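One letter stands for each residue in the lines below.
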Amino acid sequence: MAGLCAAARARELGADPVVIEKGDRPGGSMLLSSCVVWRYETFEDFRRECPGGDERLQRAVFDGFDEALEWLVSLGPEVVWEETPNPLTTGKRFEPRSLTDALVRAAGELRLSEALPREAEPPLVVATGGFAVRYAREHRLLVRCNPWSEGDGLDFARQRGAEVAGDLDEFYGRAMPAPPATITEADYVRLSQLWDGEARFVNEDGDEFFPGPPAWHESDLAQAIARQPGGTAWFVVSSDYRDDPRVEALRGAGGTIVEEFGELSLHVAAAVTHTQGGIRVDEQAGVTGVDGLFAAGADVGGISTGGYSSGLAAALVLGRVAAESALR
Ligand SMILES: Cc1cc2nc3c(=O)[nH]c(=O)nc-3n(C[C@H](O)[C@H](O)[C@H](O)COP(=O)(O)OP(=O)(O)OC[C@H]3O[C@@H](n4cnc5c(N)ncnc54)[C@H](O)[C@@H]3O)c2cc1C
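Keep in mind it's a predicted model, so treat the numbers as computed, not measured.

This paragraph deals with the overall build of the protein. Helix and strand content of the protein: nine helices and 15 strands. The C-alpha atoms of the protein give a radius of gyration of 20 Å, which matches the 20 Å a tight globule of 328 residues would have. Overall, the protein is about 65 × 40 × 40 Å in size when its C-alpha atoms are taken along their principal axes. Burial status across the protein gives 55% buried among its 328 residues.

In structure tokens:
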């Protein structure tokens, strides 16, 4: 998303950008997402929910959000929700295909199946979506994002002297049905196992590893599962949930469910959607210490450290800011 937003904004400002996309289709993880673009209602909420994040970057995303969202709507995508149902947040939900199409129209020249060149003339905006795929591979976790975000932007920036911000070991993710369940990209939203306080969380050794209910976004739980043996766990709920859509979804995907003593045990695995650590940038999306290089979206580290905030909002706002800075 961030790359398309940067190009669309650059074009609007009179430039002639080129989007280089490694995948064979545009839209990255945005196309697979629930597509709720949001911010916290107040900046204080943002700070409380993501206490380890860089306050200047959080300010930039928060302050730039409303104008950026209006701009996104002006590109003509289908809006599915005019407001979020979560009282902590405000924003809109888009239809992902229509949002992708609108951004592609606005972005101009797009080259598919081409990777970020090793040598590129500045100014350049890197927006490769972080390194979720590499992280999942190295830690034997499931991937829950586009298949191309392997850390190319981070490597590119670091080779040129960029610093890292945030925690490279922190990710945003979900509990998903564990293998042998089969999960396709189209199922990433539907098969998410979100049980809030309704489940007990037990690891493969039979130990309850996660005390209280998870945070509202449940990414803390996904990360705790990732640290358990095998990166898997069992969600134990009452058998009364036998026909619950979450149980049916897991069953339908071929996942494992054990029923005994009036309880269902659902076998889940941690899945990585995007990494939270990444390239250090300033409020203008400039990569610290590297002239002519900018970064946006999940390539940027340190926005949501210690919690979760909208990855789409960060991509939207910093993508636009990166284009404006690059043209300056
Ligand atoms: C199932 C699911 C649900 C989600 N729901 C939400 C939600 O409701 N709200 C929210 O805020 N966030 C949500 N997200 C997260 C959101 O999609 C991401 O935070 C967001 O897409 C990040 O934007 P980005 O531009 O950094 O990355 P992406 O949108 O993934 O774009 C990165 C692009 O870079 C390309 N790329 C990678 N390497 C290279 C290279 N070397 N050269 C060229 N191109 C490259 C990739 O192919 C991809 O197209 C969800 C994600 C998923 C998967």
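Next comes the rest of the account.
Scanning the model with the defined rule gives two cavities of 30 Å³ or more in all. His 274, Gln 276, Ile 303, Ser 304 and Ala 314 are, among the 13 residues lining the largest cavity, the residues nearest its centre. At the level of secondary structure, the elements contributing two or more residues to the lining of the largest cavity comprise β13 (263-275) and α9 (311-327). Across the lining of the largest cavity, the residue classes tally to four nonpolar, nine polar and no charged. Considered as a void within the structure, the second largest cavity measures approximately 50 Å³ in volume.

Okay, the pairing of β13 next. Counting buried positions over the 13 residues of β13 gives 12, a clear majority of the element. Across seven bridges, strand β9 (residues 171-177) lies against β13 in antiparallel orientation. Looking across to β13, one finds that Gly 173 is bridged to Val 272. Where strand β11 (residues 232-238) and β13 come together, seven bridges link them in antiparallel fashion. Across the sheet, residue Val 236 finds its bridge partner in β13, namely Ser 265. Sheet topology note: the strand β12 (residues 257-260)/β13 ladder contains four bridges and is antiparallel. Looking at the pairing, Glu 259 lines up with Leu 264 of β13. Turn length for the β12-β13 hairpin, with the two strands adjacent in sequence and antiparallel, is two residues, and the turn residue Phe 261 shows positive phi of about 55 degrees.

This part covers the state of the cysteines. Following the criterion strictly, the structure yields zero disulfides and no others. Distance from the sulfur of Cys 35, which forms no disulfide, to the nearest cysteine sulfur (Cys 5) is 10 Å. According to the relative accessible area criterion, Cys 35 is buried, its value standing at 1%.

Turning next to the environment of Gln 58. If you trace the backbone, Gln 58 turns up in helix α3 (residues 55-74). With 256 residues separating them along the chain, Gln 58 and Ala 314 place their C-alpha atoms 8.9 Å apart. Leave out the neighbours within four places in its chain, and Gln 58 touches Phe 43, Phe 46, Arg 47, Cys 50, Gly 53 and Ile 303.

Another point: the packing of α3 against α9. Following both chains from N to C, one finds α3 and α9 inclined at 90 degrees, their axes separated by 9 Å at the closest point. Relative to α9, α3 is oriented roughly perpendicular. From α3, Ala 60, Val 61, Gly 64, Phe 65, Glu 67, Ala 68, Leu 69, Trp 71 and Leu 72 reach across to α9, where they touch Ala 313, Ala 314, Leu 316, Val 317, Leu 318 and Arg 320. Taken together, the residues that form the contact of α3 with α9 break down as 12 nonpolar, one polar and two charged.

Here we take up the nonpolar core. Of all hydrophobic cores here, the largest spans 89 residues; its most connected members are Met 1, Val 37, Leu 72, Leu 103, Ile 225, Phe 235 and Ile 279. Excluding residues within four positions of it along the chain, Phe 235 makes contact with Ala 175, Gln 193, Trp 195, Ala 199, Arg 200, Phe 201, Leu 221, Ile 225, Leu 264, Ser 265, Leu 266 and Val 268. Formed by eight residues, the second largest nonpolar core is a distinct cluster that contains Leu 32, Ala 181, Tyr 188 and Ala 271.

Here we take up the site of the ligand. Near the ligand, the surroundings consist of 37 residues, among which Glu 21, Val 36, Asp 152, Ala 298 and Ser 310 are the closest. Contacts to the ligand include Met 1, whose backbone N or O atom sits 2.8 Å from an oxygen atom. One nitrogen or oxygen atom from the main chain of Cys 35 is found 3.4 Å from an oxygen atom belonging to the ligand. Protein chains shield 96% of the accessible area of the ligand, which is 1,000 Å² for the free molecule. Elements with a minimum of two residues in the shell around the ligand: β13 and α9. Per-element tally for the shell around the ligand: the top contributor is α9, with three residues. Per-class residue counts for the shell around the ligand are 18 nonpolar, 14 polar and five charged.

What counts, and at which threshold
- Residues numbered from 1 in each chain as written.
- Predicted model: local features only at pLDDT ≥ 70, side-chain atom pairs only at ≥ 80, totals over all residues.
- Heavy atoms only, no water.
- Helix = DSSP H or I, 4+ residues; strand = E, 2+ residues; numbered from the N terminus.
- Rg over C-alpha atoms; globule rule 2.2 N^0.38 Å.
- Buried < 20%, exposed > 50% of the residue type's maximum accessible area, 1.4 Å probe, protein only.
- 1 Å grid on protein atoms, 1.4 Å probe; cavity = no way out; pocket = protein on both sides within 12 Å on 5 of 7 lines; lining within 4 Å.
- Points joined across faces, edges and corners; volume = space filled by probe spheres on them.
- Nonpolar A, V, L, I, M, F, W, Y, C, P; charged D, E, K, R; others polar.
- Pairing = 2+ DSSP bridges.
- Disulfide = S-S within 2.5 Å.
- Contact = heavy atoms within 4.5 Å.
- Axes fitted to C-alpha atoms, helices over the stretch in contact; angles between N-to-C directions.
- Parallel < 35°, antiparallel > 145°, perpendicular 65-115°, else oblique.
- Core = buried A, V, L, I, M, F, W, Y, C linked by side-chain atoms within 4.5 Å.
- Near = heavy atom within 4 Å.
- Polar contact = N/O pair within 3.5 Å; in protein donor to acceptor, adjacent residues only side chain to side chain.
- Areas by Shrake-Rupley, 256 points an atom, 1.4 Å probe, with all protein chains shown as cover.

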